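Structural features, examined
The residues making up each chain are set out below.
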Amino acid sequence: MRIVQLRKSRLFKLVAAALCIIPLIYIVFLQSSHEDIKFSAFSSKKVKTKPQLVSELGNFDPRNVADRTGAGEGGRPHILRDDQQNDASQTLTEFGMNMVCSDEISLSRSIPDTRLAECKHWNYPEDLPKASVIIVFHNEGWSTLLRTVHSVINRSPPQFLEEVLLVDDYSNKDHLKGRLEQYITRFDGKVRLIRNKEREGLIRTRSYGAKEARGEVILFLDAHCEVNVNWLPPLLAPIYRDKTIMTVPVIDGIDFKTFEYRPVYQGGHHYRGIFEWGMLYKENELSQKEAKKREHNSEPYKSPTHAGGLFAMNRDYFLSLGAYDPGLLVWGGENFELSFKIWQCGGSIEWVPCSRVGHVYRGFMPYNFGKLSQKKKGPLVTINYKRVIETWFDDKFKEYFYTREPLARFLDKGDISEQLALKERLGCKSFEWFMDNVAYDVYDKFPALPPNLHWGELRNVASQNCMDTLGHGPPSLMGMSHCHGFGNNQLIRLNAKGQLGVGERCIEADTQGIKLVFCRLGTVDGPWEYDETSRTLFHRVHKKCVALHPQTSHLSLMPCDTVNTYQQWTFKELQPKY
Ligand code: UD2
Ligand code: MN
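Keep in mind it's a predicted model, so treat the numbers as computed, not measured. (Residues numbered from 1 in each chain as written. Chains lettered and ligands numbered in written order. Predicted model: local features only at pLDDT ≥ 70, side-chain atom pairs only at ≥ 80, totals over all residues. Heavy atoms only, no water.)

Working definition: two side chains of opposite charge can pair if their charged atoms are close together. Summed over the entire model, instances satisfying the criterion amount to 39 salt bridges. Note that glutamate 390 and lysine 398 form a salt bridge whose closest N and O atoms lie 3.3 Å from each other. The class for lysine 398 is buried, based on a relative accessible area of 15%. Of the charged contacts in the structure, one is a salt bridge between arginine 505 and glutamate 504, with a shortest N-O distance of 3.4 Å. Looking at arginine 505, the relative accessible area reads 21%, which means it is partly exposed. Salt bridges here are not isolated pairs; linked through shared partners, they connect Arg272, Glu290, Lys293 and Asp441. (Salt bridge = Lys/Arg side-chain N within 4 Å of Asp/Glu carboxyl O. Buried < 20%, exposed > 50% of the residue type's maximum accessible area, 1.4 Å probe, protein only.)

With respect to burial, helix α10 (residues 334–344) is a largely interior element, 11 of its 11 residues being buried. For α10, every residue scored as buried is listed here: Glu334, Asn335, Phe336, Glu337, Leu338, Ser339, Phe340, Lys341, Ile342, Trp343 and Gln344. The first or second residue beyond α10 is glycine 346, which carries a positive phi of 105°. (Helix = DSSP H or I, 4+ residues; strand = E, 2+ residues; numbered from the N terminus.)

With that out of the way, let us pick up the nonpolar core. Formed by 69 residues in total, the largest nonpolar core has its most connected members in Phe275, Trp277, Met313 and Phe340. Broken down by element, the residue count for this core peaks at seven residues, all from helix α12 (residues 380–392). When residues of this core are assigned to domains, at least three map to each of domain 1 (52–360) and domain 2 (377–445). Non-local contacts of phenylalanine 275, meaning those with residues more than four positions away in its chain, are made with Leu280, Lys282, Thr305, Phe336, Phe340, Phe431, Phe434, Met435, Val442 and Phe446. Among the nonpolar cores identified, the runner-up in size contains 44 residues, and Phe60, Tyr124, Leu310 and Val357 belong to it. (Core = buried A, V, L, I, M, F, W, Y, C linked by side-chain atoms within 4.5 Å. Domains from an automatic or database assignment. Contact = heavy atoms within 4.5 Å.)

In the structure shown here, the tally under the stated rule is five disulfides. The partner cysteine of cysteine 466 in its disulfide is cysteine 483, sulfur to sulfur 2.1 Å. Measuring the twist about the S-S bond at about 100°, one finds the cysteine 466-cysteine 483 disulfide to be right-handed. With a gap of 17 residues between them, cysteine 466 in strand β16 (residues 465–468) and cysteine 483 in the loop between β18 (479–482) and β19 (492–495) connect regions that are remote in the sequence. Cysteine 466 gets classed as buried once you look at its relative accessible area, which sits at 0%. When its relative accessible area of 10% is taken as the criterion, cysteine 483 is described as buried. Here cysteine 506 engages in a disulfide with cysteine 519; their sulfurs sit 2.2 Å apart. The chirality of the disulfide connecting cysteine 506 with cysteine 519 is right-handed, given an S-S dihedral of about 100°. With cysteine 506 in strand β21 (residues 505–510) and cysteine 519 in the loop between β22 (513–517) and β23 (528–531), the pair connects residues that are 13 residues apart, well separated along the chain. (Disulfide = S-S within 2.5 Å.)

Here we come to the pairing of β21. Sheet analysis places strand β20 (residues 500–502) next to β21, joined by two bridges and oriented antiparallel. Bridging from a neighbouring strand, glycine 501 pairs with cysteine 506 of β21. Two successive antiparallel strands, β20 and β21, enclose a turn made up of two residues, where glycine 503 displays a positive phi of approximately 55°. Pairing geometry for β21 and β22, over five bridges, is antiparallel. Bridging across to β22, alanine 509 finds its partner in isoleucine 514. Once β21 ends, the chain turns through two residues before running back antiparallel as β22. (Pairing = 2+ DSSP bridges.)

Relative to each other, α12 and helix α14 (residues 417–425) sit at 35°, their axes nearing to 9 Å. Between α12 and α14 lies a crossing of right-handed hand. Note on element contacts: α14 touches α12 through Gln419, Leu420 and Lys423, opposite Arg387, Glu390, Thr391 and Trp392. In terms of residue class, the contact of α12 with α14 is made up of two nonpolar, two polar and three charged. (Axes fitted to C-alpha atoms, helices over the stretch in contact; angles between N-to-C directions. Left-handed = near helix turned anticlockwise from the far one by under 90°. Nonpolar A, V, L, I, M, F, W, Y, C, P; charged D, E, K, R; others polar.)

What follows covers the sheet that holds strand β24 (residues 536–539). Read from one edge of the open sheet, four strands run β23-β24-β25-β26, paired in antiparallel fashion. Since the sheet does not close on itself, it has two edges, and those belong to β23 and β26 (555–558), each with one partner. Neighbour-to-neighbour, the strand axes of the sheet open up by a mean angle of 35°, direction not taken into account. Pairing of strand β25 (residues 544–548) with β26 involves four bridges; the strand directions are antiparallel. Directly across from alanine 547, in β26, lies its bridge partner serine 556.

Attention shifts here to the site of ligand 1. As a matter of local geometry, ligand 1 sits amid 22 residues, with Glu140, Asp169, Arg199, Glu334 and Tyr367 nearest to it. Measuring from an oxygen atom of ligand 1, one finds a backbone N or O atom of histidine 138 at 3.1 Å. Between ligand 1 and the protein, one listed contact pairs an oxygen atom with a side-chain N or O atom of histidine 359 at 3.2 Å. Taken together, the elements giving at least two residues each to the shell around ligand 1 come down to β3 (131–137) and α6 (201–212). By residue number, the principal contributor to the shell around ligand 1 is α6, which donates three residues. Split into classes, the residues belonging to the shell around ligand 1 amount to eight nonpolar, seven polar and seven charged. (Near = heavy atom within 4 Å. Polar contact = N/O pair within 3.5 Å; in protein donor to acceptor, adjacent residues only side chain to side chain.)

What follows concerns the domain arrangement of the protein chain. For the protein chain, the domain assignment lists domain 1 (52–360), domain 2 (377–445) and domain 3 (452–572). Spacing between the C-alpha centres of domain 1 and domain 3 amounts to 43 Å.

Let's shift gears to the side chain of arginine 493. Inspection of the secondary structure assignment puts arginine 493 in strand β19. No salt bridge is formed by the buried arginine 493; the nearest opposite charge belongs to glutamate 405, separated by 6.5 Å. Within the local environment of arginine 493, its side chain forms a polar contact with the backbone oxygen of arginine 404, the two atoms lying 3.4 Å apart. Within the local environment of arginine 493, its side chain forms a polar contact with the backbone oxygen of glycine 503, the two atoms lying 3.1 Å apart. Apart from residues no more than four positions distant in its own chain, arginine 493 is found in contact with Thr403, Arg404, Pro406, Asn452, His454, Trp455, Gln499, Leu500, Gly501, Val502 and Gly503. (Lys, Arg positive; Asp, Glu negative; His and termini not counted.)

Turning to the packing of aromatic side chains, a few remarks are in order. The geometry of an aromatic ring pair comes down to the distance between the two centres and the angle between the two planes. Applying the stated criterion across every chain, the model contains 26 aromatic pairs. Ring centres of tryptophan 142 and tyrosine 183 lie 5.4 Å apart, and the angle between their planes is 85°; this geometry places the pair in the edge-to-face category. Note that tryptophan 142 is positioned in helix α4 (residues 142–155) and tyrosine 183 in helix α5 (residues 178–184), a separation of 41 residues in sequence. The burial state of tryptophan 142 is the same as that of tyrosine 183; both residues are buried. Seen from the ring of tyrosine 440, arginine 272 lies directly overhead, with NZ or CZ sitting 5.5 Å from the centre. Taking NZ or CZ as reference, lysine 429 lies 4.2 Å from the ring centre of tryptophan 433, over its face. (Phe/Tyr/Trp six-rings, centres within 6.5 Å; stacked < 30°, edge-to-face > 60°. Lys NZ or Arg CZ within 6 Å of the ring centre and 35° of its normal.)

See below:
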């Protein structure tokens, strides 16, 4: 009897235990499978402390910062002597920045704390994940690269810095060879250097860096940055809360000639990363609606995209998204690819006002795209954009891109089947969802584009020359030159609402003549009408026609004279020979 009873109660306990465990197993299974697929926010297993605003100095804010004097200290501009100018301009051509100036500034110089005052008073969790700071570089200057490294070492709590991982994208400058290996030994293994065996471009090099990194979080920086006071904990805290958040510091400017460090954004204003329909990166002021979602003005806020260079992510999450599309080459568009992928597939992007990082914006790009560009026919960056939009846009939005960039239709985007399969596998949402819920403010500045009625070169019947921006920026007078197929300076579009565009700019008229101007933000309308019979280009407001002056080649509005061939124009679509 007793044995039976015992057995019964044991059985009961077993059944009861099983009943408890099965749902538990199920929940754990659900969670882990979810984690594998989507890294959903509920993957966190323990309750985690949130950052807290306190009245005293925040827990990771530096207690006493020593005053320093010397060239460029305090982020002040460093002005060279006259006899150094020759060398300086030589380095400007070679590196896109004044290396003579940079070389005279300490690698550990001080810079102004550009954060909002409130940022000094945040306490962050003590058990944040560790980061690998990944710096990819190709033929960068010595002191700018190492100032980036020193600033990271100097201004990061060591317990959160797994390593600084330098990834050399096949540089061929002497100073980046053995001397660099030798130099980093002083960091006792905290700084690691790996090298590509051939030129891969920054996009693939970053994916390689992410694979090689040892930290739980990967954090990318360009090779000419200076991180600011207590920059790291605020970037890690949101990722600690939710592994599917990408965090982005606010970028300050470092002058490429004087190395002056200064904020790009004016006092307390917040911006979000957006884009125009030709896929140029843009920014928009944070709306009240978004700003109010936070309790404090220095807290992170959501952003549709980011400039590309500086950001942090959970490493496994980055890799689970397939890293960057390996079909993207060298430079450009990867910021959109990753942003769209994150948002559409269940993650999010936050800009973090309390994390500031200075970046040297160069005057121009000092390197070429090497052999990689020869593999492709046509402009490489536009091919990248095409890959990205063909993968992530819905048809309606693809049309906006091709309207703004008509030649992109003729480019070979390569094979995107892997990207489409990933999108399918991750169950990603549509671009329409992204536009409605995340990037809705893009329309404020860049409304949906009406189709082009005409596009191509705009040739004058009398002179047989073409209208041309002559490479000038806005505002400037439009000129005329020999028709040369398709340089972008001659590719003119007239849309169904009367706007004449060249690239991201517009063509308008005033008393001085026909001008290249900044398009009025938030509108796609214009005053122009093209009449295919008379071949005149008519201005609806001034009620005049575009005329070419026979002698001076000056362009202006004149009373319409439909038989005058100097007022006759033809649009000619040309198929580029890629
Ligand atoms: C911006 C981004 C940059 C990248 C790029 C678009 C910021 C501040 N910068 O251009 O990070 O997203 O847009 O792709 O947001 N590099 C290589 N291999 C190459 C070319 C460059 O390793 O073939 C390195 C280069 O040394 C630098 C980094 O990649 O460390 C970014 O290049 P950049 O500084 O010329 O790009 P930038 O700032 O004009
Ligand atoms: Mn850069």
